[in-house]
Amino acid sequence: MPTSSASTTDASAKPTAASGGVQSLERAFDLLERMADAGGEVGLSELSAASGLPLPTIHRLMRTLVACGYVRQQPNRRYSLGPRLIRLGESASRLLGTWARPYLARLVEETGETANMALLDGDEIVYVAQVPSKHSMRMFTEVGRRVLPHSTGVGKALLAHTPAEEVRALLARTGMPAATEKTITTPEGFLEALEQVRAVGYAVDDNEQEIGVRCLAVSVPNSPTAAAISISGPAGRVTEAVAESFVPILQGVAAELSVALQSQTPA
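This report concerns the structure included in the present document. Position numbers for residues count from 1 along each chain, tracking the sequence in the order it is written. Under the rules for a predicted model, residues below a pLDDT of 70 receive no local features and side-chain atom pairs below 80 are neither given nor counted, while totals for whole chains, interfaces and linings still include all residues. Only hydrogens and water are removed before side-chain values are computed, so all heavy atoms of the structure are retained for them.

**Description of the sheet that holds strand 5 (residues 124-131)**
Strand order in the open sheet formed by 6 strands is 6-5-4-9-8-7, and the pairing between neighbours is antiparallel. Either end of the sheet is taken by a strand with one partner, and the two such strands are strand 6 (146-147) and strand 7 (203-206). Only strands joined by at least two bridges in the DSSP assignment are considered to pair. Runs of E in the DSSP output that reach at least two residues are strands. Runs of H or I that reach at least four are helices, and both are numbered from the N terminus. The sheet contact formed by strand 7 and strand 8 (residues 213-219) spans 4 bridges and is antiparallel. Each bridged residue has a counterpart across the sheet, and for Ala203 the counterpart in strand 8 is Ala217. Working rule for contacts: check all heavy atoms of both residues, and any pair within 4.5 Å makes them a contact. Orientation is described by lines fitted to C-alpha atoms, with helices fitted over the stretch in contact, and by angles between N-to-C directions that extend from 0 to 180 degrees. Sheet contacts for helix 9 (residues 240-263): strand 4 (114-121), strand 8 and strand 9 (227-234); angle to strand 8, the most-contacted strand, approximately 40°.

And the structure:
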């Protein structure tokens, strides 16, 4: 381990042996991801404890990120994610939706119902892609629309493997307003629903976001960012009986989409 600031700077500019990447870049992105995992705002000592990096190294990296606009220093001396990340995130979401569209189109062909892709963005669900059904009676969800996780199938799919205390904290921040009389409005009820998702391998929105609409959803395994896909349609068509045939199709497409998304991510 270098002992002088000059040698530390030199080392951070060299490729790492393990990945062939530039160490300072790897460290900077690791810090950004740790900040996101911590809710978007942290102190230097927290980052040092979580990353194992010395405070001088973290301070130097954070100064650079602040200068570039990717991190902001708060009046309380803590650091938060900066506004320039929003543009990158929005562009990445649009690109992710573009990559997903052929897979959603196949879902429509095989199930006949509208197919969607959604991400967990902070405490909200954001829809990033949709391919509509060819039925005259079909569901439309505007790309870019944001909803709360507790009333959606994709929200349940995305949170199914999140620790219960984190789910409770999210629900406390967002509240659990009822979109319909069938919306789950208690943390205990939502945690029970997540347990059911883990047991059966898929999530259901049964008239919980909109009366007359039923949705089946699965998460995209090992996605670079937490993602889920779903099919939605009139409750009279998307019944419990058709779920037996639709869910394996959803799971298969999700697995193929996972491979495609990982192939777009440099190793």
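**Description of the packing of helix 3 (residues 44-51) against helix 4 (residues 55-68)**
Taken N-terminus to C-terminus, the directions of helix 3 and helix 4 make an angle of 115°; their axes are 9 Å apart at the nearest point. Handedness of the crossing formed by helix 3 with helix 4: right-handed. Here Leu44, Ser45, Leu47, Ser48 and Ser51 of helix 3 lie close against helix 4, whose contacting residues are Leu55, Ile58, His59 and Met62. Residue classes follow a fixed rule: Ala, Val, Leu, Ile, Met, Phe, Trp, Tyr, Cys and Pro count as nonpolar, while Asp, Glu, Lys and Arg count as charged, and any other residue, Gly among them, counts as polar. Of the residues assigned to the contact of helix 3 with helix 4, the class counts are 5 nonpolar, 4 polar and no charged. Here is the rule for handedness: rotate from the far helix to the near one, and if that takes an anticlockwise turn smaller than a right angle the crossing is left-handed, while a clockwise turn gives right-handed.

**Quick notes on the environment of Glu142**
Locating Glu142 in the fold gives a position in the loop between strand 5 and strand 6. A sequence separation of 16 residues divides Glu142 from Val126, and the C-alpha atoms of the two residues are 9.7 Å apart.

Bear in mind that shape data such as this cannot, by itself, settle questions of function.
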